[in-house]
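Letter by letter, the chains look like this.
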Amino acid sequence: MKRKSVQAAGAAVLLTVSLTGCSGVQEAADQVGGVADQAESAATQAQDAAEQAGQLWSDAREVSELTVEQVNSFDWSSLEEHWGIYLGNNSEVTQFLRSMPSGPDMESFEIKGEDGTLVVNYGDQAAEADPAVLWETMQSVAAQAKEHVENLKKVEFRVGDEIHTF
């Protein structure tokens, strides 16, 4: 009898350990499933964010695209405060150019004072613009720059691999 009691107790302990172990395995599996669900949710959120960023970028490009009408209807008199500036005054020349149509598309400026040349580097998006609009814009900006900047002889626009000189 004693032997059967020990065997039964052993079986009960083994069953208890087995059941507890299964419960622990199930909890671990549930946790892994929860982490997988969170990872999938995060991946979905990241995809949504990437799509939103793409849409915002597209919207921003549409807003910055100029039309010939916008260039022609620009209030050039708003530039009056910049009369008589000199090519060597980098900050004022930069401020002047940024206040013109396509100013936000201008990435950088280089002043070659000894040559009387101003180099305007447009961003990559300008290379994708309508060539007629880009030409009209550069022509107008160059004319205004020559009127307002005392010692300016030449304006050079760099758009992608192209260079346009006025």
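The coordinates are above.
Below you will find a few notes about this structure. (Residues numbered from 1 in each chain as written. Predicted model: local features only at pLDDT ≥ 70, side-chain atom pairs only at ≥ 80, totals over all residues. Heavy atoms only, no water.)

**Re the overall build of the chain**
Helix and strand content of the chain: five helices and four strands. The secondary structure elements of the chain, listed N-terminal to C-terminal, are α-α-α-β-β-α-α-β-β. Within the chain, the fraction of its 166 residues that count as buried is 25%. When the accessible area of the chain is evaluated, it comes to approximately 10,800 Å², of which 54% is carbon and sulfur surface. (Helix = DSSP H or I, 4+ residues; strand = E, 2+ residues; numbered from the N terminus. Buried < 20%, exposed > 50% of the residue type's maximum accessible area, 1.4 Å probe, protein only. Areas by Shrake-Rupley, 256 points an atom, 1.4 Å probe, with all protein chains shown as cover.)

**Some thoughts on the sheet that holds strand 4 (residues 162-165)**
A sheet is described by the order of its strands in space; here four strands give the open sequence 1-2-3-4, paired in mixed fashion. Single-partner strands in this sheet number two, and they are strand 1 (106-112) and strand 4. Direction aside, neighbouring strands of the sheet carry axes that sit 20° apart on average. Of the pairings in the sheet, the one linking strand 2 (residues 117-122) to strand 3 (residues 154-159) comprises five bridges and is parallel in character. Across the sheet, Asn121 pairs through a bridge with Arg158, a residue of strand 3. Its contacts with the sheet put helix 3 (residues 90-98) on strand 1 and strand 2, and the angle it makes with strand 1 is roughly 140°. Packing against the sheet, helix 5 (residues 131-148) makes contact with strand 1, strand 2, strand 3 and strand 4, and its axis sits at approximately 150° to strand 3. (Pairing = 2+ DSSP bridges. Axes fitted to C-alpha atoms, helices over the stretch in contact; angles between N-to-C directions. Contact = heavy atoms within 4.5 Å.)

**Some thoughts on the nonpolar core**
In terms of nonpolar packing, the biggest core is built from 25 residues, with Phe96, Leu97, Val120, Tyr122 and Phe157 touching the most fellow members. Secondary-structure elements contributing two or more residues to this core are helix 3, strand 2, helix 5 and strand 3. Here the element with the most residues in this core is helix 5; it accounts for five residues. With near-sequence residues (within four places) excluded, Leu97 lies in contact with Gly103, Met106, Phe109, Leu118, Val120 and Val141. (Core = buried A, V, L, I, M, F, W, Y, C linked by side-chain atoms within 4.5 Å.)

**Concerning the packing of aromatic side chains**
Scanning the model with the defined rule gives three aromatic pairs in all. Geometrically, the ring pair formed by Trp135 and Phe166 is tilted, given 4.9 Å between the ring centres and 50° between the ring planes. Residue Trp135 is found in helix 5, and its partner Phe166 is found in the segment after strand 4; the two are separated by 31 residues along the sequence. For Phe166, a relative accessible area of 17% puts it in the buried group. Aromatic side chains Phe157 and Phe166 sit 5.7 Å apart centroid to centroid with 75° between the ring planes, which places their arrangement in the edge-to-face category. Of the two residues examined, Phe157 and Phe166, each falls in the buried class. Cluster of aromatic residues (ring-pair linked, three or more members): Tyr122, Trp135, Phe157 and Phe166. (Phe/Tyr/Trp six-rings, centres within 6.5 Å; stacked < 30°, edge-to-face > 60°.)

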